[in-house]
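Here's the letter readout for the chains.
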Amino acid sequence: MPKYSPRRANNFMLLSILLGNVLVSLIYFTAGYILQISGEAGVALVSLILQPGVAIIIGQLSVTIIPFFVYLLVTGQRIADVLPLKPIGPLNLFLIALITVTLMPLATLLNIITMFFMGIDNNVAEIVGEISQTNFGLAFIIIAIMPSIFEEIALRGVVLSNYRNVDIHKAALVNGLFFGIFHLNPIQFLYAFLLGYVFALMVFYTKSIYSAIFAHFVFNGTQILLVRFAQQYLQHQAAQGEVIPMPDVMSPEMLITSMISYAIVAAIFTPVAVILFKSFRSINRKNFLKEEFETRPLETGGANDHGGLAVSTCGTGGFDSADFDTAHVKLPDADPSTQDGFQGDQRIITAGFVLTIVLYIVFVIIVVTS
């Protein structure tokens with residue numbers, strides 16, 4: 001098997017889901033066993049483990065970091081082989097923050113649509129609100145910081161690195177699909193799919209996982225800040241003697257009203273996000289070419305030589321400076337047979353891919369029918 005391949009990524013996703021859930025189940029089974037044999041002495045330990053914040057930490061470690069190190073151990077790769085750690089600069093940070101914020105209305109709309117058609121409440125929001133109200137600092141760490149690092153290491157690190165030789169948009173779509181599955185929550189699937197797709201493209205164009213980590217942090221951090229702001233507002237109103245009745249968020253009327261409201265907001269902000277992303281893409285393509293021209297000697301050659309860069313038209317439909325895809329650039333004088341993009345099986349549909357999809361479908365059926 002080549003150093004990078006979709007098969008490895010798909011197997012990692014399957015391992016992450018299986019190993020993560022086995023480890024989580026084992027931890028809680030052990031906690032129950034301790035409680036059974038120790039009685040009152042084990043209540044404190046079990047109560048700690050069952051707290052929402054601790055449960056999230058255990059889950060994050062089980063489905064991201066532990067499989068990540070298992071992957072490195074099995075493949076013999078280094079962290080630098082998996083995680084592109086190129087600095088991204090303040091302009092990129094600014095654009096990434098704007099893109100992420102302007103995509104939030106669309107992400108929220110997708111979340112509401114899922115709730116409407118599946119008839120399932122968003123228990124994630126309830127858990128976030130509970131943790132935030134108890135300890136906001138802890139909530140910010142485990143909701144905003146930890147997932148933005150741990151999940152990106154797994155999805156935009158291991159998975160995306162193994163899709164580096166696949167067409168950029170196909171790779172991003174699969175990454176979005178896996179990101180939706182990764183959460184193991186039907187309510188989160190659609191908007192996680194969207195974010196996973198965008199985050200993957202950000203990594204492709206910046207050649208850095210820092211772009212996805214920052215975007216993920218901005219999204220989750222903004223959500224928890226909004227939850228905290230709402231909590232403080234309600235507390236302030238209660239202190240003034242005004243009790244605001246909480247609406248039934250799962251009522252069809254409320255969901256339809258929310259859908260219409262967010263559809264209008266998304267219609268305004270999503271085009272802005274698209275324009276910003278195009279600017280972001282253009283800037284990073286120019287930066288890539290500038291770096292290559294500065295670090296590689298210029299050569300004169302045939303029609304396929306562009307300032308010393310041999311540009312592969314494989315998967316791009318020909319070279320177009322207006323739609324240049326840095327994922328298909330080869331360095332000059334390189335032997336194509338030894339390039340990552342020209343060796344090994346690059347099929348997306350593998351046994352690991354199919355099993356991951358099947359497991360998720362079974363999981364969704366269980367959740368919806370239970």
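Residues numbered from 1 in each chain as written. Predicted model: local features only at pLDDT ≥ 70, side-chain atom pairs only at ≥ 80, totals over all residues. Heavy atoms only, no water.

## Considering the overall build of the chain
Thinking step 1. From N to C terminus, the chain includes 12 helices and three strands.
Thinking step 2. Per-residue burial for the chain yields a buried fraction of 43% across its 370 residues.
Thinking step 3. Pairs at least 24 residues apart make up 77% of the contacts formed inside the chain by residues separated by at least 6 positions.
Thinking step 4. With the model as given, the accessible surface of the chain reaches about 18,600 Å², and the carbon-plus-sulfur share is 68%. (Helix = DSSP H or I, 4+ residues; strand = E, 2+ residues; numbered from the N terminus. Buried < 20%, exposed > 50% of the residue type's maximum accessible area, 1.4 Å probe, protein only. Contact = heavy atoms within 4.5 Å. Areas by Shrake-Rupley, 256 points an atom, 1.4 Å probe, with all protein chains shown as cover.)

## Some points on unusual backbone geometry
Thinking step 1. For Leu184, which is not glycine, the phi torsion reads 50° and is therefore positive.
Thinking step 2. Turning to its location among the elements, Leu184 is positioned in the loop between α8 (168-182) and α9 (186-206).
Thinking step 3. One non-glycine residue, Lys207, lies in the positive phi region at around 55°.
Thinking step 4. Tracing the backbone through its elements, the reader meets Lys207 in the loop between α9 and α10 (209-239).

## Notes on the nonpolar core
Thinking step 1. In terms of nonpolar packing, the biggest core is built from 78 residues, with Leu155, Val159, Tyr163, Phe178, Met202, Phe277 and Phe280 touching the most fellow members.
Thinking step 2. With residues up to four places along the chain from it excluded, the contact list for Val159 reads Ala9, Phe12, Met13, Ala154, Asn175 and Phe178. (Core = buried A, V, L, I, M, F, W, Y, C linked by side-chain atoms within 4.5 Å.)

## Structural notes on the confidence of the model for the chain
Thinking step 1. Mean pLDDT over the chain works out to 80, with 76% of the residues at or above the 70 mark.
Thinking step 2. Within the model, pLDDT remains below 50 along residues 298-342, and this stretch shows 64 contacts once partners closer than five positions in the same chain are excluded. (pLDDT = per-residue confidence, 0-100.)

## Observations concerning a nonpolar patch on the surface
Thinking step 1. Taken together, the side chains of Ile256, Ile260, Ile264, Val265, Ile268 and Phe269 make up a nonpolar region of the molecular surface, amounting to roughly 520 Å² of accessible area.
Thinking step 2. Checked against the element boundaries, Ile268 lands in helix α11 (residues 252-295).
Thinking step 3. Its relative accessible area of 52% is what places Ile268 among the exposed residues. (Patch = residues over 30% accessible without salt bridge, like charges linked within 9 Å, V, L, I, M, F, W, Y side chains within 5 Å. Salt bridge = Lys/Arg side-chain N within 4 Å of Asp/Glu carboxyl O.)

## Some words on the pattern of salt bridges
Thinking step 1. The final tally for this structure, using the stated rule, is three salt bridges.
Thinking step 2. Here Lys3 and Asp81 are joined by a salt bridge, their closest N and O atoms 3.4 Å apart. Taken together, the residues Lys3 in the segment before α1 (6-38) and Asp81 in helix α4 (residues 79-82) connect sequence positions 78 residues apart.
Thinking step 3. The exposure class assigned to Lys3 is partly exposed, which follows from its relative accessible area of 37%.
Thinking step 4. The shortest N-O distance in the salt bridge between Arg78 and Asp81 comes to 3.2 Å.
Thinking step 5. Looking at Asp81, the relative accessible area reads 9%, which means it is buried.
Thinking step 6. Within this structure, Lys3, Arg78 and Asp81 form a network of salt bridges that share partners.

## Here's the deal with α8
Thinking step 1. A rise of 1.5 Å per residue sets the reference length of α8, with its 15 residues, at 21 Å; its end C-alpha atoms lie 20 Å apart and thus fit the reference within 8%.
Thinking step 2. With respect to burial, α8 is a largely interior element, 12 of its 15 residues being buried.
Thinking step 3. Along α8, the residues that are buried comprise Ile168, Ala171, Ala172, Val174, Asn175, Gly176, Leu177, Phe178, Phe179, Gly180, Ile181 and Phe182.
Thinking step 4. Phi turns positive one or two residues past the end of α8, at Leu184, with a value near 50°. (Expected span 1.5 Å × (residues − 1).)

## Looking at the packing of helix α3 (residues 52-75) against helix α7 (residues 136-161)
Thinking step 1. At their nearest, the axes of α3 and α7 sit 10 Å apart, and the two run at 25° to each other. One finds that α3 runs roughly parallel with respect to α7. Relative to α7, α3 is oriented so that their crossing is left-handed. Packed against α3, whose contacting residues are Gly53, Ile56, Ile57, Gln60, Leu61, Thr64, Ile65, Phe68 and Tyr71, the element α7 presents Ile142, Ile143, Met146, Pro147, Phe150, Glu151, Ile153, Ala154 and Val158 at the interface. (Axes fitted to C-alpha atoms, helices over the stretch in contact; angles between N-to-C directions. Parallel < 35°, antiparallel > 145°, perpendicular 65-115°, else oblique. Left-handed = near helix turned anticlockwise from the far one by under 90°.)

## Observations concerning the environment of Pro52
Thinking step 1. By the element assignment, Pro52 lies in helix α3.
Thinking step 2. Judged by its relative accessible area of 26%, Pro52 falls in the partly exposed class.
Thinking step 3. With 79 residues separating them in the primary sequence, Pro52 and Ile131 have C-alpha atoms 7.0 Å apart.
Thinking step 4. Sequence-distant contacts of Pro52, defined by excluding residues within four places in its chain, comprise Ile127, Glu130 and Ile131.

## Considering the side chain of Asn284
Thinking step 1. Along the chain, Asn284 turns up in helix α11.
Thinking step 2. Setting aside its immediate chain neighbours within four residues, Asn284 contacts Asn92, Tyr205 and Thr206.

## Re the packing of aromatic side chains
For any pair of aromatic rings, the description rests on two quantities: the centre-to-centre distance and the angle between the ring planes.
Thinking step 1. For the structure on display, the rule yields 13 aromatic pairs.
Thinking step 2. On the basis of an interplanar angle of 70° and a centroid distance of 6.2 Å, the ring pair of Tyr205 and Phe277 is categorised as edge-to-face. Here Tyr205 is found in helix α9, whereas its partner Phe277 is found in helix α11, with 72 residues between them in sequence.
Thinking step 3. Classification of Phe277 as buried rests on a relative accessible area of 14%.
Thinking step 4. In textbook terms, an aromatic cluster arises when at least three aromatic residues are bridged by ring pairs, as seen for Phe189, Phe193, Tyr360 and Phe363.
Thinking step 5. One cation-aromatic arrangement involves Arg164 over Tyr4; the distance from NZ or CZ to the ring centre is 3.7 Å. (Phe/Tyr/Trp six-rings, centres within 6.5 Å; stacked < 30°, edge-to-face > 60°. Lys NZ or Arg CZ within 6 Å of the ring centre and 35° of its normal.)

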